[in-house]
Amino acid sequence: MTLIAPAEKDRPRESGAFAWIVVIALGLMSAGTTGTYSIIAGSFIAPVCEDLGFDYTSFSFYFTAILLGLALGLPLLSRFIPKVIGKPWHICVELVLIAAGAAMAFYTEVWMFIVSAAVIGICFSFTTGVCMSDVIDQWFSKSSGLAIGLAWGVNSLCTLLLSPIITLVIEQQGWRTGYIVLAAVSAAMILPTSAFIIRLKPSDRNMLPYGETISETCGTAWAEARTQLVPDVDKFPGHIAC
C-alpha cells in the first residue's frame, strides 16, 4: 500500500491549548444559559410575585417548565447535534433563548413566564449538560474528566459572580430592567463563544483531539511529509485515520 503525505496546509494541527479555550468557552455558554435562567432566575421570584400579585407556588412552575422543556429537547440532541453545534443553527437556538428571557421583562401573567421557561428549557439541550459533555468527548482523547470539571467550574464561578450583580440591579432598577440586563449578559457570554470558538469536533478546525499527535493519529507519512510504501497496512499505526 502506498501512503502519500498531504500538503502542509491540509495536515491537522495538534489542538494543544486551544482545546482548553474551547472548555472555557463551553463553561461560559453554560453559565450564560443554565446559570442565568435556572439559578439566578430565583432572584426574580419575590419581586415579580409581589409586584404582579402572583402566588409563589404558581410562579415556581417556571422551574418545572424548564425541566419539561429540557426533557423534550434532549431526545432531539443526538439527531441534531451535528447540525447545530458550531453551525449557524447554534446561534439561532441561542437567540431564541435570549429572546424568551428578555421577553419576561414585559409579561403580566404567570402563564407567559411558564411558556418562556419551556422554550428556554428546550434550548438548554443545545447549550449545556449532555451537549457540553459530548463536545468535550470529541475534543479530548485524554484528560476529558478534568476538562468537564473545568467547564462546570467556569459555569459555577460566573454564576457566583453574576448573582449579586443581578440582585443589585433588581433592587435598584426593578425586576423588569433586571430581565433585560440578564438577557444582555447572557448574550455577551454565549454568542461570541459559539460564533468564534465552539465547534463540535476538532476536525472542524483541522485539529486533532487533545492528547493525540500527528504521528499517533496519522502515522509516519503525515509526520515526515513523504510517501511511504507499507507492505502490511494492518501493521501501520494510524492507518484507519489515513
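What counts and what doesn't
Numbers given to residues run from 1 along each chain, matching the order in which its sequence is written. Restriction of local features to residues with pLDDT of at least 70 applies here, the model being predicted, together with a cutoff of 80 or more for giving and counting side-chain atom pairs; totals for whole chains, interfaces and linings are based on all residues. Hydrogens and water are ignored here; the side-chain numbers use all heavy atoms of the structure. What makes a nonpolar core is a set of buried Ala, Val, Leu, Ile, Met, Phe, Trp, Tyr and Cys residues whose side-chain atoms join them at distances within 4.5 Å. Each residue is assigned to one of three classes by its accessible area relative to the maximum for its type, calculated with a 1.4 Å probe on protein chains only: buried under 20%, partly exposed between the two thresholds, exposed over 50%. In this text, helices come from DSSP runs of H or I with a minimum length of four residues, and strands from runs of E with a minimum of two, each type numbered from the N-terminal end. Ring pairs are drawn from Phe, Tyr and Trp, using the six-membered ring of Trp, whenever the two centres fall within 6.5 Å, and their geometry is named by plane angle: stacked under 30 degrees, edge-to-face over 60, tilted for the rest. This arc corresponds to the set of directions leading from the helix axis out to the C-beta atoms. Whether two residues are in contact is decided by their heavy atoms, any of which lying within 4.5 Å being enough.

> Give a description of the nonpolar core that names residues and reports values.
Core analysis: the biggest nonpolar cluster contains 62 residues, and Tyr37, Phe113 and Tyr179 have the highest contact counts within it. Mapped onto this core, the elements with two or more residues apiece are helix H1 (17-39), helix H2 (45-52), helix H4 (61-84), helix H5 (88-103), helix H6 (110-124), helix H7 (130-139), helix H8 (144-173) and helix H9 (175-196). With nine residues, the single largest contributor to this core is H1.

> How would you summarise the packing of aromatic side chains if you had to cite specific residues and measurements?
With the rule as written, the count across this model stands at 14 aromatic pairs. Judged by centre distance (4.9 Å) and plane angle (70 degrees), the ring pair of tryptophan 20 and phenylalanine 140 falls under edge-to-face. Of the two residues, tryptophan 20 is situated in helix H1 and phenylalanine 140 in the loop between H7 and H8; the sequence distance between them amounts to 120 residues. One exposure class covers both tryptophan 20 and phenylalanine 140, and it is buried.

> Go over H7, please, and point to the residues and values.
Every buried residue of H7 is listed here: Cys131, Met132, Val135, Ile136 and Trp139. Buried residues of H7, seen end-on, are gathered within an arc of 135 degrees and therefore sit on one face of the element. As for H7, its buried residues are in contact with H1, H4, H8 and strand S3 (207-208).

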